[in-house]
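Residue-level structure breakdown
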Amino acid sequence: MRRRKTPLEVLRPNHVGLYVCGMTVYDFCHLGHARVMVTFDTVVRYLRERGYEVTYVRNITDIDDKIIRRALECGESIQSLTARFIDAMHEDEAALLCRRPDLEPRATEHVGAMQTLIGELINSGHAYAAANGDVYYAVRSFPEYGRLSGKSIDELTSGARVDIGEDKRDPLDFALWKAAKPGEPSWASPWGEGRPGWHIECSAMSADALGCAFDIHGGGADLQFPHHENEIAQSQGAGCAFAHYWMHNGFVRINDEKMSKSLNNFFTVRELLPRYSGEVLRFFILSSHYRSPL
């Protein structure tokens with residue numbers, strides 16, 4: 001956020017709280033996910049070597065639109081699909097010589113905390129319940145929105161739109177709670193049956209694991225906007241100081257494009273392991289500065 005190197009000043013003596021946005025578990029991990037694992041495993045090892053006690057938290061998104069779609073395509077339950085890919089993620093992590101995070105909170109286990117946070121945002125005027133059962137964050141209620149990514153609200157407004165079925169007051173607003181659709185998993189809430197939006201989970205789970213203020217928030221560069229920008233708005237809108245430092249690792253690129261599942265230009269870790277050892281893949285990932293494209 002400061003756009004410069006700055007000495008690490010921890011909030012608690014000799015302790016670092018680190019929260020990293022983890023995987024959405026509907027497929028095998030690709031090399032971009034491996035870069036997140038290896039980068040922050042290395043950061044944690046370095047900090048511990050320097051004598052800090054580290055609490056390393058990396059969440060698991062085990063409910064979202066992609067997971068629901070993939071479970072339907074595979075003809076299996078969401079629980080079965082996510083359990084299978086969580087196991088695969090841990091196998092890939094071990095092959096890359098990464099230690100497990102200290103805590104791996106799952107979104108489905110923290111829906112109550114998310115609802116509490118949404119209620120606080122409604123009470124403070126930062127969110128509103130729409131007539132269709134959705135709850136939205138009112139982006140214009142948070143003047144500092146865009147500070148992390150360097151985007152202005154006016155700049156964002158030109159590209160914003162409202163999708164069919166959405167009941168927003170402003171195109172910039174984003175969903176905190178989604179009303180239940182037929183055949184989808186849902187939870188009871190003060191706003192009706194539904195499920196949490198993607199962004200709210202990390203605000204709730206980081207607070208549960210590390211408290212209202214913590215030292216470092218990490219993740220891939222693609223999460224800087226809108227995911228991390230929305231997390232700041234949610235957490236600070238509810239009175240939390242939130243993250244003191246931000247770290248984003250750079251993209252893995254294939255033929256000058258970001259490696260991603262949506263572009264179908266990715267190599268999974270398990271496709272590469274028969275050709276290269278996990279140690280070689282780890283060395284390849286660490287051969288570039290963590291923020292540089294690879």
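The coordinates are above.
Here the residue numbering is sequential within each chain, running from 1 through the sequence in written order. Note on the predicted model: pLDDT of at least 70 is required for a residue's local features to be given, and 80 or more for side-chain atom pairs to be given and counted; whole-chain, interface and lining totals, by contrast, use all residues. As a convention, hydrogens and water are excluded, and side-chain values are obtained from all of the structure's heavy atoms.

**Thoughts on the packing of aromatic side chains**
Paired rings are identified among Phe, Tyr and Trp, the last through its six-membered ring, by centres lying within 6.5 Å, and are further divided according to the angle between planes into stacked (under 30 degrees), edge-to-face (over 60) and tilted (the rest). Taken as a whole and judged by the stated rule, the model has 8 aromatic pairs. Seen from their ring centres, Tyr128 and Tyr136 are 5.9 Å apart, and the 35° between their planes marks the pair as tilted. Type-normalised accessible area, obtained with a 1.4 Å probe on protein chains alone, sets the label of each residue: buried when under 20%, exposed when over 50%, and partly exposed for intermediate values. The exposure class assigned to Tyr136 is buried, which follows from its relative accessible area of 1%. Taken together, a centroid distance of 5.3 Å and an interplanar angle of 80° make the contact between Phe214 and Phe242 edge-to-face. Taken as a pair, Phe214 in strand β7 (residues 213–220) and Phe242 in strand β8 (residues 242–249) lie far apart in primary sequence, 28 residues in all. Phe242 shares its class with Phe214; the two are buried. Through pairs of rings, three or more aromatic residues link up here, namely Tyr19, Phe214, Phe242 and Trp246. Our definition puts a charge over a ring when NZ of Lys or CZ of Arg is within 6 Å of the ring centre and also within 35 degrees of the ring normal. Over the aromatic face of Phe225 sits the side chain of Lys151, whose NZ or CZ is 5.2 Å from the ring centroid. Every helix listed is a DSSP run of H or I at least four residues long, and every strand listed is a run of E at least two residues long, numbered separately from the N terminus.

**Examining the environment of His15**
Relative to the helices and strands, His15 resides in strand β1 (residues 15–20). Looking at His15, the relative accessible area reads 6%, which means it is buried. Along the backbone, His15 and Glu184 are 169 residues apart, and their C-alpha atoms lie at a distance of 41 Å. Contact definition: two residues touch when any of their heavy atoms are within 4.5 Å. For His15, the contacting residues outside a window of four places in its chain are Val10, Tyr52, Glu53, Val54, Thr55 and Asp215.

**Comments concerning the pairing of strand β5 (residues 174–179)**
Among the 6 residues of β5, 5 are classified as buried, and the element is accordingly described as predominantly covered. A pair of strands is considered paired only if DSSP assigns at least 2 bridges between the two. Pairing between strand β4 (residues 135–137) and β5: 3 bridges, direction antiparallel. Looking at β5, one finds that Tyr137 is bridged to Phe174. Bridge count for β5 against strand β6 (residues 194–196) is 3 bridges, and the pairing is antiparallel. If you follow Lys178 over to β6, its bridge partner there is Arg195.

**Observations concerning the nonpolar core**
For the purposes of this section, nonpolar cores are sets of buried Ala, Val, Leu, Ile, Met, Phe, Trp, Tyr and Cys residues that join through side-chain atoms within 4.5 Å. Of all hydrophobic cores here, the largest spans 63 residues; its most connected members are Tyr19, Leu96, Tyr137, Tyr145 and Leu176. Beyond its immediate sequence surroundings of up to four residues, Leu176 is in contact with Ile118, Leu121, Ala127, Val135, Tyr136, Tyr137, Pro196, Gly197, Ile200 and Gln234.

**Let's talk about the packing of helix α1 (residues 31–49) against helix α9 (residues 278–286)**
Between α1 and α9, whose axes approach to 10 Å, the crossing angle comes to 80°. It follows that α1 is roughly perpendicular to α9 by the angle criterion. Within the contact between the two elements, α1 uses Leu31, Ala34, Arg35, Val38, Asp41, Thr42 and Arg45 and α9 uses Arg282, Phe284, Ile285 and Leu286. When residue character is reported, Ala, Val, Leu, Ile, Met, Phe, Trp, Tyr, Cys and Pro are called nonpolar, Asp, Glu, Lys and Arg charged, and the others, Gly included, polar. Per-class residue counts for the contact of α1 with α9 are 6 nonpolar, 1 polar and 4 charged. With axes taken as lines fitted to C-alpha atoms, and helix axes fitted only over the stretch in contact, angles between N-to-C directions fall between 0 and 180 degrees. Orientation is classified from the angle alone, with under 35 degrees giving roughly parallel, over 145 giving roughly antiparallel, 65 to 115 giving roughly perpendicular, and any other angle giving oblique.

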